[in-house]
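Topology and contacts: notes
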Amino acid sequence: MHKRLKIIFVMLVSLVVILSACSSDNKEEKDNNIKQSKSKNELNLSSGDDIPTMDPSLAADQVSFTTFAQTLEGLYVLDKDDKPIPGVAKDKPKKSSDGKTWTIKLRDNAKWSNGDPVTAHDFVFAWQRSVDPETAAEFAYMFENIENAKEITAGDKKPEELGVKAIDDQTLEIKLIKDVPWMESLLAFGSYMPQNEKFVKKHGDKFGTTDKTTLSNGPYKLTEWKPEDRWKLEKNEEYWDKDKVKVKEVNTKVVKNTQTAINMYQTGKLDMVGLDAQNVKKYKERKDFSTESTSGSYFFRINKEKNENLKNEDLRKAIAKSIDKKSYVDSLLNNGSKPLDTLMIKDFVKDSDDKDYTKGVKSSLNYDKGEAKKHLDKAKKDLGKDKFTIELLTYDEDESKKAGEFVKEQIEKNLPGVTLKIKQQPFKQKLALESKKDFDISFAGWFPDYPDPTTFLDLFTSDSPHNQTGYANKEYDKALEEANSDEMLKPENSDKRIKALQDAETKFLDSASISPLFQTGSARLRQPYIKNWQNHKYGGDYTLKGVEIEGAK
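The structure presented is a predicted model; accordingly, all values stated were derived computationally and were not measured. (Residues numbered from 1 in each chain as written. Predicted model: local features only at pLDDT ≥ 70, side-chain atom pairs only at ≥ 80, totals over all residues. Heavy atoms only, no water.)

Let's shift gears to the sheet that holds strand 9 (residues 230–235). One open sheet accounts for four strands, arranged 1-10-9-8; its pairing is mixed. Each end of this open sheet is capped by a strand with a single partner; those strands are strand 1 (42–47) and strand 8 (220–226). Averaged over all pairs of adjacent strands, the angle between strand axes in this sheet comes to 20 degrees, irrespective of strand direction. Helix 2 (residues 62–71) rests against strand 1, strand 8 and strand 9 of the sheet, and its axis sits at about 20 degrees to strand 9. (Pairing = 2+ DSSP bridges. Helix = DSSP H or I, 4+ residues; strand = E, 2+ residues; numbered from the N terminus. Axes fitted to C-alpha atoms, helices over the stretch in contact; angles between N-to-C directions. Contact = heavy atoms within 4.5 Å.)

Quick look at the structure:
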């Protein structure tokens with residue numbers, strides 16, 4: 001892989017809708033909202049946030065990418081085991097002897113929702129557009145494993161010099177920097193979706209901003225989109241594999257108020273909802289209750305470029321060590337989430353001896369209020385101050401408010417003289433503030449794009465657009481570059497490579513540029529008539545292609 005090929009999934013900028021409801025000691029009463037069948041063939045979901053964009057070149061968030069997983073289809077898609085399988089591609093790529101030139105044949109029956117054929121030219125146009133500096137795509141770096149991509153985004157070469165070309169309508173050739181083992185998974189990622197050149201140019205800056213200016217080639221098409229209110233997906237009858245699309249209509253409502261959401265579930269207006277800690281206790285005996293471990297990493301970005309005091313490492317470490325993470329997940333979540341002292345998540349990557357990657361990371365950012373106080377005292381002495389006011393940027397949802405209040409209480413109790421001010425912002429505004437580094441500390445999350453530690457570690461290389469902390473370390477950058485060298489990517493060097501990445505993460509964590517918090521889990525109520533629900537550990541959160549509504553016609 002080229003230096004810093006950041007195959008990283010976007011921040012989970014939308015938390016699961018957190019719900020509350022009245023409890024009952026009567027089990028029959030508790031279960032009276034469970035429905036075993038449903039006659040109408042539609043699925044009703046909720047989201048804590050609206051879709052920011054339906055333009056694959058501009059998307060930089062989990063809501064958009066999860067929607068792409070329903071409305072767009074790349075060369076490959078993820079199966080139920082998160083393995084890449086052919087999508088628009090007919091088969092696996094044919095590789096040159098060095099593995100760096102891939103030739104991929106496309107299906108001749110793949111179509112856009114307007115009836116146009118999906119061709120190799122749609123991929124060439126989309127990828128060239130994404131790396132074009134004029135597009136200003138935040139995720140342009142994700143193409144850096146394709147020849148000339150980095151030079152193009154730097155303005156040193158032209159977009160048409162990107163290492164991808166259409167041999168003919170059904171044949172795509174890709175020239176790579178490295179034959180990385182996760183490249184096929186990357187080709188299933190939202191940024192790599194095709195785009196219809198004629199349609200995109202027709203709508204210009206309006207492309208992907210409304211249902212009328214959005215085009216689909218996946219199982220569903222976007223037919224209604226009311227900003228900050230709701231959106232609707234309908235089965236795409238032009239989709240090549242439409243017979244496997246069972247649910248005809250998917251309605252997603254933007255719901256921020258917890259009581260509103262639970263009431264909607266109780267009255268049949270929602271078919272699935274997430275639960276907070278309090279309601280896990282209330283509903284865990286219900287038949288429609290379920291939990292599962294998920295692959296998100298939540299942490300606080302600590303930005304040392306805006307608040308001068310946060311340039312002090314001891315102050316940053318004091319903050320990171322002052323928060324009781326176990327109490328946080330037990331009292332606020334209680335949904336299978338786990339306290340986390342590392343950036344990388346658990347149970348995701350293992351070495352050849354089946355030992356978890358995180359076991360080899362030495363983190364000094366564990367909860368220890370005594371050590372936190374020592375670091376604070378040293379910071380006060382070094383800075384010549386006894387009091388610090390720090391702003392916490394977070395989302396405008398109920399769960400974020402509760403989380404902010406918990407962290408404020410922990411920091412102000414364990415760090416005398418530190419005052420935390422909570423700043424809640426709507427989804428898009430929070431993203432904008434983070435991009436401008438206009439914050440002190442920011443509550444953030446990240447979901448992986450492929451099963452390798454670099455999906456998290458590349459976040460904090462010196463030139464990463466997601467490194468909004470001010471952290472820059474040449475040794476860290478070099479370690480990640482070497483980990484993705486041809487030699488280290490050889491299967492026989494996998495354990496050596498993992499050790500190098502573990503050491504790099506240890507070095508990064510010691511800077512306290514982030515404060516790790518928890519690995520995600522989820523608890524929900526989901527009506528049992530929903531069958532074949534398919535979640536993913538990376539990529540879009542889920543795919544609806546094979547989902548069925550039992551009893552629906």
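What follows continues from the structure just given.
Turning next to the side chain of Ser216. Of note, Ser216 is situated in the loop between helix 6 (197–203) and strand 8. Given a relative accessible area of 1%, Ser216 falls into the buried group. A distance of 3.4 Å separates a polar side-chain atom of Ser216 from the backbone oxygen of Tyr220. The contact partners of Ser216, leaving out residues within four places of it in the chain, are Thr71, Leu72, Lys111, Trp112, Ser113, Lys221, Leu222 and Asn236. (Buried < 20%, exposed > 50% of the residue type's maximum accessible area, 1.4 Å probe, protein only. Polar contact = N/O pair within 3.5 Å; in protein donor to acceptor, adjacent residues only side chain to side chain.)

Sheet analysis places strand 6 (residues 164–168) next to strand 7 (residues 171–175), joined by four bridges and oriented antiparallel. Pairing of Lys165 across the sheet is with Glu173, part of strand 7.

Turning next to the confidence of the model for the chain. Confidence along the chain averages 91 in pLDDT terms, with 94% of residues attaining 70 or more. A low-confidence stretch, residues 1–29 (pLDDT under 50), is modelled with 142 contacts involving residues beyond four sequence positions or located in other chains. (pLDDT = per-residue confidence, 0-100.)

Excluding glycine, a negative phi dihedral is what most residues carry, and trans is how most peptide bonds are arranged. With a phi close to 55 degrees, Ala136 is a non-glycine residue in the positive phi region. Following the sequence through the fold, Ala136 ends up in the loop between helix 3 (120–131) and helix 4 (149–153). Of note in the backbone geometry, Asp354 takes a positive phi value of approximately 65 degrees without being a glycine. Accessibility expressed as a relative area gives 56% for Asp354, which makes it exposed.

Bringing the nonpolar core into the picture now. Among the nonpolar cores identified, the biggest contains 72 residues, and Leu43, Leu75, Ile104, Trp127, Leu172, Ile174 and Leu187 are the most heavily contacted of them. It is helix 3 that contributes the most residues to this core, seven residues altogether. Ignoring anything within four residues of it in the chain, the contact list for Ile174 reads Leu75, Lys100, Thr101, Trp102, Ile104, Trp127, Ile146, Gly163, Val164 and Leu187. Counting 31 residues, the second-largest nonpolar core is a separate cluster that includes Leu343, Val361, Phe456 and Ile498. (Core = buried A, V, L, I, M, F, W, Y, C linked by side-chain atoms within 4.5 Å.)

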